[in-house]
Number of protein chains: 2
Amino acid sequence: MRTLDHWTQSDAAVTAEFHVGKFALLVDRKPLVKFNPDQQSMKLCILHYNDMKYKLADYGLSVDLPNSALLDADQTNTGDFIAVFGSSLRTVEMPDDSPISIDKVRGELAETLGGSFVDLRRAMLTLENDTDRNLLARMYSLTRWARTYRRCPKCGAALKMRASKSAAACITCDRIFYPTFVPVAICLVSNRANTHVLLIRHQRTVNTVYTAIAGFAQMGESLEESARREVAEEVGIECDKVWQISATQSWPIPEGSLMCAFRAIADSRQKIDVCTEELEGARWFSREDVKLAYENSLRDPQLQFAPRTKSVIQQLRYIPPQGAIAHRIIKEWLEEKPYV
Amino acid sequence: MRTLDHWTQSDAAVTAEFHVGKFALLVDRKPLVKFNPDQQSMKLCILHYNDMKYKLADYGLSVDLPNSALLDADQTNTGDFIAVFGSSLRTVEMPDDSPISIDKVRGELAETLGGSFVDLRRAMLTLENDTDRNLLARMYSLTRWARTYRRCPKCGAALKMRASKSAAACITCDRIFYPTFVPVAICLVSNRANTHVLLIRHQRTVNTVYTAIAGFAQMGESLEESARREVAEEVGIECDKVWQISATQSWPIPEGSLMCAFRAIADSRQKIDVCTEELEGARWFSREDVKLAYENSLRDPQLQFAPRTKSVIQQLRYIPPQGAIAHRIIKEWLEEKPYV
């Protein structure tokens, strides 16, 4: 831990470790992953610098310090540490009249590197383990932050970015800026008898996926107050009781969030008043309905069989896959008993 | 709630509400408060625009939209809403050879307004209720954020700040920036028998005040991982078990944090390895010692009787006052029994 801490703060150390480091890749915001044989889950591909350098060069791409962030320090069998970087690259856009599509080019590059490029959200939802999920969240958020923070927001002078991407200092006024991420309260509301939960469907979500209510925390409120406020704003329901459970998760979409899990109890006789700007629907579902959706999300985490037609959107067929904190909260609720 | 949400997003609404609103004040970063008769706790002073306008003008000060942030919407007896603003003002510095001190000027202004200006941290620690603490956290953080975010960090163009201070948009590239605050994991570590807790004293703290271990969360880790990492970094202790408890608190110092409470269990036979950059000391204390310090912090929340001499710094005499989340976690631990 202290090795990583030292590297994080030293540009010289990051530069020295770069050419002997290991790399996770984002190309056009898509992480390079390797599917497990069952095709249902995946791992991040982590490549040694020398194993990918020439392969990337063939496609006109290269990892370098400006497009990379320090993610971790891995201990080897001999006790030494090796730096893990994340690099965010962009392929050159094809002219409109090109016979070759960008997808095809990326597909070939992925094959050369021994993996596949997949959608960021899909990877976050179905990566096999939390270590990979954390690395991906960190890689996406830090490289994105480093691309955005180039000028001092106070005085407009240039920001000098640390090689690790852990901070940037203004060359004129000396202010230091750190990568930011916002706490999000995500809250599963159950009825007083604990037989039903209130699930919502977002605008533009894949049809038939329902999930828990979530929203950004605001400055000057406790997270419990955020959860209570979000439930009131999104579905017009006042909760009897709101409590935090010991589960949080780093999430890179849209920019960098920290999902913090809550449970709540509310009177289900209240009228649901859906905030239609954000939501397409909200309903109370029974334990049996939720259990079926939970099993579907385990069996088909890539949502390959999710219907896309408008006619079935009222149905609950899926909850989010196992990589989402919502999945975990709903699973824990399913293991509880009704209150008597 | 929806009234506040509407106002937050509408510059026209904020402008219309401003001259009929209520105001909390920061002058030179010091909040205006009113002490309770016991002198141990305080309330925020909230003043109507017309009641303070001329009094401020006598001191060359004025509240206006640029130095104010929208904090809340209060419902009156008639069911209408009144906007609550927070304004951050600066007095003019006195010349070095002036016979009048700035403290004296602020003191006279405070008296005219019917309150006192106190140190921000002191107010956060000893305000009587959480509503005031939240308002103060929001006022300080939002006005500070609005003073800092004046240029787009991506392209350097001017940022157009919302009148409510809830967001700022780049006039050139249309990016929107929101006030940020960082999650902090604060963790109370107890031994396996639950008879002792590990408390630390920060560098530059008031002597004899000990508290729980805390540190900023990093991107790409869960808060539980943050808590575990901070304990390892600050005191070199590996925890057996770490869990989050349902307690969070918005905190404006140094910039804007969300304190999230954790408990942990660790083997107390491990060697304590203090990170001397941040800490002056760390020790295991018995339930009896902690109870005495807890009682001192209740009896003397303003730390008026805390010794300032170096010779007694090894003693635990105080824990943080009731406004700090550390106080609440330690209090809850004191109510527990040893494990058998």
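Just so it is clear, the model here is predicted, and its values are computed rather than measured.

A. Summary view of the relation of the copies chain B and chain A. Rotating chain B by 180 degrees and translating it 0.0 Å along the rotation axis places it on chain A, where the RMSD comes to 0.0 Å. In the structure described here, the two chain copies are related by an operation that fits a two-fold rotation axis. Interface residue correspondence from chain B to chain A reaches 100%, placing this contact among same-surface, isologous pairings.

B. Up close: the sheet that holds strand S10 (residues 176-177) of chain A. Residues and elements named next belong to chain A. Strand order in the open sheet formed by 3 strands is S8-S9-S10, with antiparallel pairing between adjacent strands. In this open sheet, the two strands that pair with only one neighbour each are strand S8 (159-161) and S10. Pairing geometry for strand S9 (residues 168-170) and S10, over 2 bridges, is antiparallel. Within S10, the residue paired with Ala-169 across the bridge is Ile-176.

C. Focus on the pairing of strand S2 (residues 30-35) of chain A. Residue and element names in this part refer to chain A. Summarising the sheet, strand S1 (residues 22-27) and S2 pair through 2 bridges and their orientation is antiparallel. For Leu-26, the partnering residue across the bridge sits in S2 and is Pro-31. Joining the antiparallel neighbours S1 and S2 is a turn of 2 residues, in which Asp-28 adopts a positive phi near 50 degrees. Across 2 bridges, the pairing between S2 and strand S7 (residues 116-117) is antiparallel. Across the sheet, residue Val-33 finds its bridge partner in S7, namely Ser-116. Here S2 runs beside strand S3 (residues 42-44); their pairing, made up of 3 bridges, is antiparallel. Across the sheet, the residue bridging to Val-33 is Leu-44, located in S3. Where S2 folds back onto S3 in an antiparallel hairpin, the turn is made up of 6 residues, including Gln-39, whose phi is positive at roughly 65 degrees.

D. Spotlight on the packing of helix H1 (residues 2-9) of chain A against helix H2 (residues 11-18) of chain A. Residues and elements named next belong to chain A. Where H1 contacts H2, the two axes come as close as 5 Å, and the packing angle between them is 105 degrees. Put simply, H1 runs roughly perpendicular to H2. Facing His-6, Trp-7 and Gln-9 of H1, the residues of H2 in contact are Asp-11, Ala-13, Val-14 and Glu-17. Here the contact of H1 with H2 is built from residues that sort into 3 nonpolar, 2 polar and 2 charged.

E. Geometry of the interface of chain B and chain A. On the side of chain A, 47 residues touch chain B, which itself brings 47 residues to the contact. The largest share of the area that chain B buries against chain A comes from Arg-2, Phe-181 and Met-219 of chain B, three residues that together contribute 19% of it. Our count for the chain B to chain A interface comes out at 0 salt bridges. Of all the secondary structure elements, the ones that give two or more residues to the side of chain B that touches chain A are helix H1 (2-9), helix H6 (130-148), helix H7 (223-235), strand S14 (239-251) and strand S15 (257-266) of chain B. Considering only residue class, the side of chain B that touches chain A consists of 20 nonpolar, 13 polar and 14 charged.

F. Here's a closer look at a positive patch on the surface. Together, Arg-29, Arg-90, Arg-150 and Arg-151 of chain A together with Arg-175 of chain B make up a region of like positive charge exposed at the surface. Along the chain, Arg-29 of chain A falls in the loop between S1 and S2.

G. Local environment of the pairing of strand S6 (residues 81-89) of chain A. Residue and element names in this part refer to chain A. Counted residue by residue, S6 has 8 buried out of 9 residues, so it is predominantly covered. As defined by bridge partners, S1 adjoins S6 across 6 bridges and the pair is classed as parallel. Paired with Ala-24 across the bridge in S6 is Gly-86. Direction of pairing for strand S5 (residues 68-75) relative to S6: antiparallel, over a ladder of 7 bridges. Across the sheet, Leu-70 pairs through a bridge with Phe-85, a residue of S6. In sequence, S5 turns back onto S6 through a hairpin of 5 residues, with Gly-79 there showing a positive phi of about 95 degrees.

H. Helix H9 (residues 325-334) of chain B, seen in detail. Residue and element names in this part refer to chain B. H9 sits mainly inside the fold: 7 of its 10 residues count as buried. Taken together, the buried positions of H9 are Ile-325, Ala-326, His-327, Ile-329, Ile-330, Trp-333 and Leu-334. Against the buried residues of H9 lie strand S11 (182-190), strand S12 (196-202), S14, S15 and helix H8 (287-299).

I. View of the domain arrangement of chain A. Residue and element names in this part refer to chain A. Along its sequence, chain A is carved into domain 1 (3-137) and domain 2 (182-335). One C-alpha centre belongs to domain 1, the other to domain 2; they are set 32 Å apart. Every contact between the two is made by 15 residues of domain 1 and, on the other side, 14 residues of domain 2. Along the contact surface separating domain 1 from domain 2 lie 0 salt bridges. Inspection of the domain 1/domain 2 interface yields 6 residue pairs in polar contact (both at pLDDT 80 or more). Only helix H5 (120-126) and helix H6 (130-148) provide two or more residues apiece to the side of domain 1 that touches domain 2. Among the elements that line the side of domain 1 that touches domain 2, the one with the most residues is H5, at 6 residues. A breakdown of the residues in the side of domain 1 that touches domain 2 according to their chemical character gives 7 nonpolar, 5 polar and 3 charged.

Conventions and cut-offs
Residues numbered from 1 in each chain as written. Chains lettered and ligands numbered in written order. Predicted model: local features only at pLDDT ≥ 70, side-chain atom pairs only at ≥ 80, totals over all residues. Heavy atoms only, no water. Least-squares fit on C-alpha atoms with pLDDT ≥ 70 in both. Contact = heavy atoms within 4.5 Å. Pairing = 2+ DSSP bridges. Helix = DSSP H or I, 4+ residues; strand = E, 2+ residues; numbered from the N terminus. Axes fitted to C-alpha atoms, helices over the stretch in contact; angles between N-to-C directions. Parallel < 35°, antiparallel > 145°, perpendicular 65-115°, else oblique. Nonpolar A, V, L, I, M, F, W, Y, C, P; charged D, E, K, R; others polar. Buried area = accessible area lost by both parts, 1.4 Å probe. Salt bridge = Lys/Arg side-chain N within 4 Å of Asp/Glu carboxyl O. Patch = residues over 30% accessible without salt bridge, like charges linked within 9 Å, V, L, I, M, F, W, Y side chains within 5 Å. Areas by Shrake-Rupley, 256 points an atom, 1.4 Å probe, with all protein chains shown as cover. Lys, Arg positive; Asp, Glu negative; His and termini not counted. Charge placed at Lys NZ, Arg CZ, Asp CG, Glu CD. Buried < 20%, exposed > 50% of the residue type's maximum accessible area, 1.4 Å probe, protein only. Domains from an automatic or database assignment. Polar contact = N/O pair within 3.5 Å; in protein donor to acceptor, adjacent residues only side chain to side chain.

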